[in-house]
Every structure is written in C-alpha cells, then in structure tokens.
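# Understanding the architecture of this molecule
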Amino acid sequence: MDLKELLGEELYKQVMEKTGDNKIAIVSDGNWFPKDKFDTVNKENKDIKGQLKDRDTQLKDLETKAQGNADLQKQIQDLQADNKKVADDYQAKLNQQSFDFALKDALTGAKAKNPKAVEALLNRESIKLDGDKLLGLDEQLKAIQESDSYLFDSEQQQQQQQTGVKFTTGQHQKQTGDAPTSLADALAQRYTKQQ
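Residues numbered from 1 in each chain as written. Predicted model: local features only at pLDDT ≥ 70, side-chain atom pairs only at ≥ 80, totals over all residues. Heavy atoms only, no water.

What follows concerns the overall build of the protein chain. Scanning the protein chain from terminus to terminus reveals 7 helices and 4 strands. In the protein chain, the order of α-helices and β-strands from amino to carboxyl end is α-α-β-β-α-α-β-β-α-α-α. The burial tally for the protein chain puts 9% of its 195 residues in the buried class. Looking at the protein chain alone, contacts between residues at least 24 apart form 42% of all its contacts between residues at least 6 apart. In the form shown here, the protein chain has an accessible surface area of approximately 16900 Å², with 51% of it arising from carbon and sulfur atoms. (Helix = DSSP H or I, 4+ residues; strand = E, 2+ residues; numbered from the N terminus. Buried < 20%, exposed > 50% of the residue type's maximum accessible area, 1.4 Å probe, protein only. Contact = heavy atoms within 4.5 Å. Areas by Shrake-Rupley, 256 points an atom, 1.4 Å probe, with all protein chains shown as cover.)

What follows is the structure, given as structure tokens:
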C-alpha cells in the first residue's frame, strides 16, 4: 500500500504541498521519518555490509598468508638445517686438513723417505689431533721404523745429504771420447782440444 492510497487523494495533495521538496517514506510500523535519514541509514548499512565483506576477504587472505607463512617457516627451518650441515661439513673438512697437515709434518720430521707410503701403514683411526700434537702417532712410527727401517732416512744418509758427498762403489775411470758429464768436464775438454 502506498501513501496516496492510505491518505486518499485530497489529503495526499495537502501533505505533498506541505512537504515540498522534502520527500518522506513510510516504515512498516507506521512511523514516519524523512527520506534523507532513510537514505543515510541505508547507505551506512550497505557500507557496513561492504566492510564485512572486505573483512571476510582479508581474513581469507590472512589465512592463505598464514598457511604460506607456515610453509615459509618450514623452508627457513630447512635452510637453517642445511646451513648448519654445510657449516659442520666445512668444520670437519678444516679439521681433516689440519690433521693431514700435522700428520705430514710429523712424518717429514720423522725423516720418512716417502710420507705417503708410511701413512698407508698407519692406523689413522687411533691417531687423534690434540691442538698441534698427534696422539698415538709416536708408538706407531717407532713400530714402523723398527719393522720397515728402509722407509726412513738413516743417520749416515742424512750426513751424506748435508755434506753433499755421495759414496759409491765400483771403478770410476774416465774414458776418452766420452761425453762430458759436468760443465767443468766440458770446459776442460774444450780447452784441451784447442791447445
């Protein structure tokens, strides 16, 4: 039912003249209020519904982002574990290099002729690096020096290397017409041929 039917034609004209440009609307309970107020309330209602819809969308986005965040957290944890593994591997490699260097240095100090050959005879698991010192190496080196002394320089060989004198056995006669073996021999041959 509209207002014209409710008031009748004559009364409706009077009301319309009285209100002028101000329009009115009827509410279901019969109370009257200005249309501007109705429009404002209606607009606010639509705004609130829009805000609620926006909030629902934002909550869904947050839920999606939170899901992604959990995935990111897992990825971060995986990367941290990988980084820790790489750091541990690097430290183990550094420790191994320190051990290898200390072992090579100790074998050189023990006057091993071929450090790799002596190292192959060692039980590396029983040798531990403690700072600069190798624990368990001395006993193994003594045993190898006793059983395989040819792997190490003897006192006589060390003295020969220090003095530069080599002792050999056999006849050392120089035959004429041989090619010179040193610069001094070459010069001596050259000057003797020229004279």
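From this point, the narrative continues.
A few words now on the pattern of salt bridges. In total, this model carries 4 salt bridges according to the counting rule given. Across the pair Lys-43 and Asp-47 runs a salt bridge whose closest N-O atoms are separated by 3.9 Å. In this pair, Lys-43 and Asp-47 both sit in helix H3 (residues 35-109), 4 residues apart, roughly one turn of the helix. Judged by relative accessible area, which is 53%, Lys-43 ranks as exposed. The partner of Arg-124 in a salt bridge is Asp-100, with the nearest N and O atoms 2.6 Å apart. One end of the pair, Arg-124, is in the loop between helix H4 (115-121) and strand S3 (128-130); the other, Asp-100, is in helix H3, with 24 residues separating them in the sequence. Within the structure, one salt-bridge network assembled from shared partners comprises Asp-100, Glu-119 and Arg-124. (Salt bridge = Lys/Arg side-chain N within 4 Å of Asp/Glu carboxyl O.)

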